[in-house]
Amino acid sequence: MSALATNENVQNVGNILKDRNNPLKDRFRALFTLKNLGGHEAVDAIASCFDDPSALLKHELAYCLGQMQDRYAIPVLTSVLEDTSQEPMVRHEAGEALGAIGATEVIDILNKYSSDPVIEVAETCQIAVERIRWLQRKEEEEKQLLPNPFNSVDPAPPAAQVDIAVLKETLLDESQSLFHRYRAMFTLRNLNTREAVLALAEGLQCQSALFRHEIAYVLGQLQNDACVEQLAVNLRDKQENAMVRHECAEALGSIATEEATAVLQNYLSDSERVVRESCVVALDMSEYENSSQFQYADTLHRVMTN
């Protein structure tokens, strides 16, 4: 734990996260501050909020616990995955987080839920198992892979192939496993060219909602305005899975152009709560992207230094 990450500081930030009267954007900034601080106290503060009524927030709690890669979070993530009263997008993110932590001890529980009746949960657990198995044999192959410039813990490694046409073919091939298609996806992201972005954007029309959601996530990481209209199409579609629409909204917030922001403004009163809340958070992210703040959690700096 860093010098700034004292128990008192973690508690102060945790209190902002836990307070349901705080604006959602402030609670999100508190959450990402806790992720960056790390440690068991931060994990406990995050884990205490899985009874929140916001599926969006709970989904992001699980995401952050996975990115922290602290085995201490395995029990709470397992309980969330097992809890069928939790929303599918929350259970999915708990499964993905267990895969991100990468401990072999979670393979059995992931295998159990690889046949879950909720397809997004089942597919997530299948991919997570593949990731952990890959981690066990990665040493030689890893040397040949493009580095990840985004510093995220991804649900699958990139592929060794770097030809965009071949990667696009794999990405859009519904007959291949999601794990292999994910690998093509993350390689295209790491290539980070306009051609790669446009190839990724075609994936927003693929069959799997989980896959479309992950495509939107990586497009948000890339922050390339070449895909604004494609993301907007899925966000506008009221028949689209809410998990996908939410991720499209957050991607548009990361891209943060005037066009992207204008799209988000139209869905602040959407009938789906997770979409409404995602647009609120996305507009806050858009404001950050167009500001001089050093990092997304900067507004909580006063809490850390008081």
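By convention here, each chain's residues receive numbers from 1 onward along its written sequence. Totals for whole chains, interfaces and linings use every residue, but because this is a predicted model, local features are given only for residues with pLDDT of at least 70 and side-chain atom pairs only at 80 or more, for both listing and counting. The basis for every side-chain value is the complete set of non-hydrogen atoms in the structure, without hydrogens or water.

Going by an unreviewed UniProt entry, the chain carries the name Deoxyhypusine hydroxylase and comes from Pomacea canaliculata. UniProt positions are given in the numbering used here, feature names are shortened, and annotations may be inferred rather than shown by experiment. Heading Sequence similarities (unreviewed entry) of the UniProt record for the chain holds this comment: "Belongs to the deoxyhypusine hydroxylase family." Turning to the chain, the UniProt annotation filed under Catalytic activity (unreviewed entry) states: "[eIF5A protein]-deoxyhypusine + AH2 + O2 = [eIF5A protein]-hypusine + A + H2O".

A. Broad picture of the UniProt feature "binding site: Fe cation 1" (unreviewed entry) in the chain. According to UniProt, the positions carrying the feature "binding site: Fe cation 1" (unreviewed entry) are His59, Glu60, His92 and Glu93. Taken along the chain, the residues just named run across 35 residues; in space they keep tight, none of their C-alpha pairs more than 11.1 Å apart. Positionally, His92 belongs in helix α6 (residues 88-101). Ignoring anything within four residues of it in the chain, the contact list for His92 reads Glu120, Val121, Thr124, Leu210, His213 and Met243. Runs of E in the DSSP output that reach at least two residues are strands. Runs of H or I that reach at least four are helices, and both are numbered from the N terminus. Structurally, Glu93 can be placed in helix α6. Any two residues having at least one pair of non-hydrogen atoms within 4.5 Å are treated as being in contact.

B. Structural view of the side chain of Ser254. With respect to the helices, strands and loops of the structure, Ser254 is situated in helix α15 (residues 242-255). The contact partners of Ser254, leaving out residues within four places of it in the chain, are Gly220, Gln223, Met285 and Glu289.

C. Structural detail: the UniProt feature "binding site: Fe cation 2" (unreviewed entry) in the chain. Taking the UniProt record as the reference, the feature "binding site: Fe cation 2" (unreviewed entry) is found at His213, Glu214, His246 and Glu247. Along the chain, Glu214 falls in helix α13 (residues 209-222). With residues up to four places along the chain from it excluded, the contact list for Glu214 reads Glu96, Pro155, Tyr182, Met185 and Phe186. With respect to the helices, strands and loops of the structure, His246 is situated in helix α15. Apart from residues no more than four positions distant in its own chain, His246 is found in contact with Leu56, His59, Met89, Val274, Val275 and Ser278.

D. Unusual backbone geometry, seen in detail. Positive phi, close to 60°, is recorded for Asn151, a residue that is not glycine. Three exposure classes are used, based on accessible area relative to the maximum for each residue type with a 1.4 Å probe and protein chains only: buried under 20%, partly exposed in between, and exposed over 50%. Residue classification places Asn151 among the exposed residues on the basis of a relative accessible area of 70%. Of note, Asn192 is a non-glycine position whose phi angle comes to about 55°, a positive value. Along the chain, Asn192 falls in the loop between α11 (178-191) and α12 (194-202).

E. Structural detail: the nonpolar core. Leu77, Leu110, Leu219 and Leu231 are the most contacted members of the largest nonpolar core, which totals 104 residues. Not counting residues up to four positions away in its chain, the partners in contact with Leu219 are Val197, Leu200, Ala201, Leu204, Asn224, Cys227, Leu231, Ala251 and Ile255. Definition used in this section: a nonpolar core is a set of buried Ala, Val, Leu, Ile, Met, Phe, Trp, Tyr and Cys residues joined via side-chain atoms within 4.5 Å.

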